[in-house]
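Now for the letters of each chain:
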Amino acid sequence: MALAVLATACSSASIAIDDVPVLPETDPGEIAELLADSPIPVVVNVWASWCGPCRSEAPLLRAAVAEWGDRVHFVGIDVRDNQTEARAFIAEFGLDEMDHRFDRPGAVPADLGGSGVPLTFFFAPGGELVHLQHGVIDERTLALWLDVLAVGG
Amino acid sequence: MEFTLLGAALVSVGAVWATLRLADEEERRPLFDTALGGILAGVAVGRVWAMIASGVNPIAHPGDLVVVRGGVDTVAATAAAVITVGYLGRKALWPTLDALALPALAGLSAWHASCVLRDSCLGTVTDLPWGIAASAGGHGRHPVEIYAALLLLGSFAVVALLLRRHRGSGLPAAAALMLAAGARLGTEPLRPVLAGLEPWYLAAVALGAVLVGWRWAARPAEQP
């Protein structure tokens, strides 16, 4: 076990916080436009650095981006947070491949029809909401809805 | 806790309770200790391993250990549970494993079946008439977790029959391992996953088959 823990420290998915850019601020209008104009499916994950369940699903999201990132646009919406903690979270979990936006008041998820953190929205090309996952998402659910997006239903 | 885990836990507890009721009085305490030890070791090691595999250092984030919902590595949990049960039950290894085979199959079956509570039973796309759409107007999909639950229920019946004639020989436990892994291996291609575990299920089927052959050959000769 000690060796495994040591291996974790040596081969962690973490990156340096300096490699994580400041998250651009966003608002409901910008996200609505992004969804409407997207030619590929979009997964919008609402997270925050202080959110415990977000920590547990972060490694899954990293795996999903690695597997599906060329076919699905993964957007992260960081809510009710601050930039330093948010960037540390992204660095810790190596989530820099996601398209993160900063939404301090949490207006985007409210506009999309969700409340609480975490949330995961699955949108078809053109912005039609296919599924909304309230709370932490597990591998099975994430894989199923990515497959639904991939085959169009 | 996820409903699927809760469903499996409730059925497993019920099955262990039934097993203890059916066991001889002097066997109950060691069986209970062994089952509990296996469960605790499986959950703990599976959780730690899941954290390590996903790049989270358990020492730096000890609080994440209790976030069982965040994931329990199936392979590590199973290995830890089997090793712990083997160690705690070493004085009567095969009878212990046989006694715990049915609760394990019941728990696994319930874990799959309770997908209905979370609306997470569906797998890959199918044209079969019983396919169920994940979203309105979508393609029909295999209710793959129900398939797995039914296969495990069938395995439960087979192992229950084996227990009637071969209790204590290790044959029922070996058959349970082979059948449970086979149920998972057989349904895995119908299940969308991010990282498949087919090699592990295949290895478990092979190990189960070897153990079945061994325990069959070693079973006590039947009285004429």
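We now turn to the structure provided with this report. In this convention, every chain numbers its residues from 1, walking through the sequence in written order. To read the labels, note that chains go from A and ligands from 1, taken in the order they are written. This being a predicted model, a pLDDT of at least 70 is required before a residue's local features are given, and a value of 80 or more before pairs of side-chain atoms are given or counted; all residues contribute to the totals for chains, interfaces and linings. Computation of side-chain values covers all heavy atoms of the structure but excludes hydrogens and water.

Side chains of Asp18, Asp19, Asp96 and Glu97 of chain A sit close together on the surface and give a patch of like negative charge. Working definition: helices are DSSP H or I runs of at least four residues, strands are E runs of at least two. Numbering for both runs from the N terminus. In this structure, Glu97 of chain A sits in the loop between helix H4 (83-93) and strand S3 (99-103). Think of a patch as exposed residues, more than 30% relative accessible area, with no salt bridge, where like charges cluster within 9 Å and nonpolar side chains (Val, Leu, Ile, Met, Phe, Trp, Tyr) cluster within 5 Å. All accessible areas in this document rest on Shrake-Rupley with a 1.4 Å probe, and a residue is counted as covered only by the protein chains that are shown. In the sections that follow, a salt bridge refers to a side-chain nitrogen of Lys or Arg positioned within 4 Å of a carboxyl oxygen of Asp or Glu. When charges are counted, neither His nor the chain ends are considered; positive counts come from Lys and Arg and negative counts from Asp and Glu. Charged side chains are reduced to one point each, which is NZ for Lys, CZ for Arg, CG for Asp and CD for Glu.

The disulfide definition used here is simple: a pair of cysteine sulfur atoms within 2.5 Å. What the rule picks out here adds up to two disulfides over all chains. Each sulfur in the disulfide pair Cys51 of chain A and Cys54 of chain A lies 2.2 Å from the other. Between Cys51 of chain A and Cys54 of chain A, the S-S dihedral sits near 85 degrees, and the bridge is therefore right-handed. Here Cys115 of chain B engages in a disulfide with Cys121 of chain B; their sulfurs sit 1.9 Å apart. Taking the sign of the torsion about the S-S bond as the criterion, the disulfide between Cys115 of chain B and Cys121 of chain B, at about 95 degrees, is right-handed.

On to the sheet that holds strand S4 (residues 119-123) of chain A. All names here are of chain A. Taken in spatial order, the five strands make up an open sheet running S3-S2-S1-S4-S5, and their pairing is mixed. Bordering the open sheet on either side are S3 and strand S5 (129-134), each of which pairs with just one other strand. When the angles between neighbouring strand axes are averaged without regard to direction, this sheet yields 15 degrees. Paired strands, as defined in this entry, are two strands with at least two bridges between them according to DSSP. Across five bridges, strand S1 (residues 42-47) lies against S4 in antiparallel orientation. What counts as an axis is a line fitted to C-alpha atoms, over the stretch in contact for a helix, and the angles between N-to-C directions run from 0 to 180 degrees.

Once that is clear, we can look at empty space enclosed by the protein. Residue and element names in this part refer to chain A. The method works on a 1 Å grid over the protein atoms by themselves. A cavity is a set of points holding a 1.4 Å probe that cannot get out, a pocket is an open set with protein on both sides within 12 Å along at least five of seven lines, and residues with an atom within 4 Å of a point line them. Grid points are joined across faces, edges and corners, and a volume is the space filled by probe spheres set on the points. Tallied over the full model, the rule gives one cavity of 30 Å³ or more. Every residue lining the largest cavity is listed: Asn45, Trp47, Cys54, Glu57, Ala58, Leu61, Phe89, Leu95, Met98 and His100. Contributing elements (two or more residues each) for the lining of the largest cavity: S1 and helix H3 (52-68). Along the lines of polarity and charge, the residues of the lining of the largest cavity split into seven nonpolar, two polar and one charged. Gly is put with the polar residues, along with every residue not named as nonpolar or charged; the nonpolar set is Ala, Val, Leu, Ile, Met, Phe, Trp, Tyr, Cys and Pro, and the charged set is Asp, Glu, Lys and Arg.

Looking now at the packing of aromatic side chains. Given two aromatic rings, their pairing is described by the distance between the two centres and the angle made by the two planes. Pairing of aromatic side chains requires ring centres within 6.5 Å, counting the rings of Phe and Tyr and the six-membered ring of Trp. Pairs whose planes differ by under 30 degrees are stacked, by over 60 edge-to-face, and all others tilted. Counting across every chain of the model gives five aromatic pairs over all chains. A centroid spacing of 5.9 Å and a plane angle of 15 degrees characterise the contact between Phe121 of chain A and Phe123 of chain A, whose relative ring orientation is stacked. Like Phe121 of chain A, the residue Phe123 of chain A is buried in the burial classification. Here the aromatic rings of Phe122 of chain A and Trp145 of chain A are separated by 6.5 Å at their centres, their planes lie at 40 degrees, and the arrangement is tilted. Separated by 23 residues along the polypeptide, Phe122 of chain A in strand S4 and Trp145 of chain A in helix H6 (residues 139-151) bring together distant segments of the chain. Of the two residues examined, Phe122 of chain A and Trp145 of chain A, each falls in the buried class. Here a set of aromatic residues connected by ring pairs shows up, and it is made of Trp47, Phe89 and Phe93 of chain A. Lying over the aromatic face of Tyr87 of chain B, Arg90 of chain B brings its terminal NZ or CZ to 4.2 Å of the ring centre. Only protein chains enter the accessibility calculation, which uses a 1.4 Å probe; a residue is then buried when its area is under 20% of its type maximum, exposed when over 50%, and partly exposed in between. When the NZ atom of lysine or the CZ atom of arginine is within 6 Å of a ring's centre and also within 35 degrees of its normal, the charge is said to sit over that ring.

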